[in-house]
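Reading the structure
Take a look at the letters that make up each chain.
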Amino acid sequence: MSDMHEAAKQTLKRLITGTAKWRPNHSSDEPLNSPEGANHPMTSDYSEISRCNRCGFCQSVCPTYAETMDETQVARGRIHLVRLLNNGQYDWRDDKGISEKVDDCLLCQACVVNCPATVKTDEIMLAARRDFIEIKGLSLFQKLVYRGALSHRERLDRVSTLMRLYESSGARNLLYLNILRKSMEKLIYFDSFLPDGLEIPARESLPTLRRPQGEPKMKVAFFIGCASNIFTARTVRIVVEYLVSRGVEVHMPKVSCCGEPHRTAGDTAEVARLSKSNVEAIFKPDFDFIVTDCSTCAHALAHYDKFVGEDSPEAEIVRPKLPKVLEINTLIRDHLGLEPSQLRELPETKVTYHDSCHAVRGLGVKDAPRDILKSIPGVELIEMKGADSCCGGAGSYGFSHPEMSGRIASTKVQNIKKTGASTLAVSCPACTLQLGAGLRRDGQPTKVLHPVELLAQASK
Ligand code: SF4
Ligand code: SF4
């Protein structure tokens, strides 16, 4: 092993153990993507790394850094780890710690929008994850959850059946018996994600077409994502019925997972396969809009030209229709309108709103859900501290990184509690699960609802 390699390895170990002194702007900026003779198998384009000037501004906004104060848990440190790998100064196969640090990133983009150089840290982490998968293959978690379940809609329905059986059979109650409770802490944590009264999946129970009375105002394709399908099926039904009551013809074609979980894992091949299968159902027919109640799916569909492969024939079909992709709050506010005469007063309700990362930073949607909430008579909207800070849900992060995810959720729950709100409004099923679980663990009775559920409650 060369001296350089050994020195890099020691630096990295100190960074990972948190004992390294950070030296901003140190002069050893190594060449990128040209490590002659270096032992590195990374093939992605990492030129974005060179734009990081190591100023450290990202420290003030990164949720994982806020919980750990660890330099390897913030954009600057993560970028440096990938820099070392990419320069061949460290062989990632020597230490699992590096891929863990890359996997620990929530991809929440808080660092990106607050970075003076707008360094796309999320893109750098995604590139590294793609390279990791290319060489070492999928992890067991990715094989089981992503390729094993999310990739197959019929298997997801079976998972839902098992979960409902677990709940209705009383097996769930066993976890909470005093005698078992202590030894079941991990399982109790995972159980907290399961909402009470899980319903039949939305894709199974809804028809493929719901027509309004009279001539429709518009025809929309409603994309039912995997998490909405299983965990918030009631919300999907309420949203669809609201649209129908406002004169919208709602098509619900048979779709597969949008591919976002696979994309965040770096599983490019599966992203292309899943997205191409959805193009036929969603993008090929002529709809006025393509909508979904899930911010993450909306963000994925709005970037589907990249999902299917920018040079693929499917990209030609998708590209002209991308402006038609809307998350549901935007569709309602901008295209159906919020008529005060159509709303009755709800009993006084204090509501606070959580912005999902994919909506607020991914799609730039901040005001539409708030405008909906503010339009409802009886609703008082109270902003929480850090409303747009990631909740730690990040797709399946709550399951793959329970410790970090739980800590981030607790911070968010404290901010929700301080508002005194009785209802938390959220426009993303993954955030709904994550924050619902956090509130349950904290013993809070706070309801978690989609803004359109409140709007539907107030509708005449
Ligand atoms: S990622 Fe951006 S904010 Fe963070 S150190 Fe680099 S340049 Fe500064
Ligand atoms: S994307 Fe989010 S979690 Fe990842 S480094 Fe940036 S701020 Fe931190």
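Here the structure is a predicted model, which is why all the values come from computation and not from measurement.

When you go through the chain residue by residue, the secondary structure sums to 26 helices and nine strands. Evaluated residue by residue, the chain yields a buried proportion of 55% over its 460 residues.

Here we take up empty space enclosed by the protein. Applying the stated criterion to the full structure yields four cavities of 30 Å³ or more. Here the largest cavity is characterised by a volume of approximately 120 Å³. Along its surface, the largest cavity is lined by 17 residues, and C52, C55, C58, C115 and V119 are the ones closest to its centre. Counting residues per element, the lining of the largest cavity draws most heavily on helix α3 (residues 75-86), which supplies three residues. Residues that form the lining of the largest cavity fall into these classes: 11 nonpolar, three polar and three charged. By volume, the second largest cavity is sized at about 90 Å³. Lining the second largest cavity are 15 residues, with C62, R78, C105, C108 and C111 positioned closest to its centre. Contributions of two or more residues to the lining of the second largest cavity are made by α2 (63-68), α3, α5 (110-114) and α6 (121-136).

Around ligand 2, the structure places C62, P63, T64, A75, R78, C105, L106, L107, C108, Q109, A110 and C111. Where the shell around ligand 2 is concerned, the elements lending two or more residues are α2, α3 and α5.

The next point concerns unusual backbone geometry. The phi dihedral of M69 is positive, around 50°, even though this residue is not glycine. Relative to the assigned elements, M69 resides in the loop between α2 and α3. Classification of M69 as exposed rests on a relative accessible area of 58%. Phi at Q109 is positive, roughly 70°, even though this residue is not glycine. Locating Q109 in the fold gives a position in the loop between α4 (96-103) and α5.

As a further point, take the sheet that holds strand β9 (residues 447-449). The strand order β7-β6-β8-β9 describes an open sheet built from four strands, whose pairing is parallel. Two strands lie at the open edges of the sheet, namely β7 (379-381) and β9, each paired on one side alone. Geometrically, the sheet is characterised by an average inter-axis angle of 35° between neighbouring strands, direction not taken into account. Judged from the three bridges that link them, strand β8 (residues 423-426) and β9 form a sheet pairing that is parallel. The residue of β9 that forms the bridge with A425 is L449.

Every residue lining ligand 1 is accounted for by C52, N53, R54, C55, G56, F57, C58, R76, I79, C115 and P116. Here the residues of the shell around ligand 1 are counted per class, giving seven nonpolar, two polar and two charged.

Among all positions in helix α7 (residues 140-150), only Q142, Y146, G148, A149 and L150 are buried. Looking at the buried positions of α7, the neighbouring elements they touch are α6, α8 (153-168), α13 (226-231) and α15 (260-265).

Right, let's talk about the environment of L336 for a bit. Secondary-structure assignment places L336 in helix α20 (residues 328-336). On the accessibility criterion, L336 (13% relative accessible area) is buried. Not counting chain neighbours up to four residues away, the residues in contact with L336 comprise K217, M218, L243, R246, V248 and L331.

Before going further, it helps to spend a moment on the sheet that holds strand β5 (residues 325-327). Strand order in the open sheet formed by five strands is β1-β3-β2-β4-β5, and the pairing between neighbours is mixed. Both edges of this open sheet fall to β1 (209-210) and β5, since each of them pairs with a single strand only. For strand β2 (residues 218-222) and strand β4 (residues 289-292), the ladder comprises three bridges, and the chain directions are parallel. When the bridges of β4 are listed, F222 appears paired with V291.

Procedures and definitions
- Residues numbered from 1 in each chain as written.
- Chains lettered and ligands numbered in written order.
- Predicted model: local features only at pLDDT ≥ 70, side-chain atom pairs only at ≥ 80, totals over all residues.
- Heavy atoms only, no water.
- Helix = DSSP H or I, 4+ residues; strand = E, 2+ residues; numbered from the N terminus.
- Buried < 20%, exposed > 50% of the residue type's maximum accessible area, 1.4 Å probe, protein only.
- 1 Å grid on protein atoms, 1.4 Å probe; cavity = no way out; pocket = protein on both sides within 12 Å on 5 of 7 lines; lining within 4 Å.
- Points joined across faces, edges and corners; volume = space filled by probe spheres on them.
- Nonpolar A, V, L, I, M, F, W, Y, C, P; charged D, E, K, R; others polar.
- Near = heavy atom within 4 Å.
- Pairing = 2+ DSSP bridges.
- Axes fitted to C-alpha atoms, helices over the stretch in contact; angles between N-to-C directions.
- Contact = heavy atoms within 4.5 Å.

Everything listed here is a matter of coordinates, which is why it stays silent on function.
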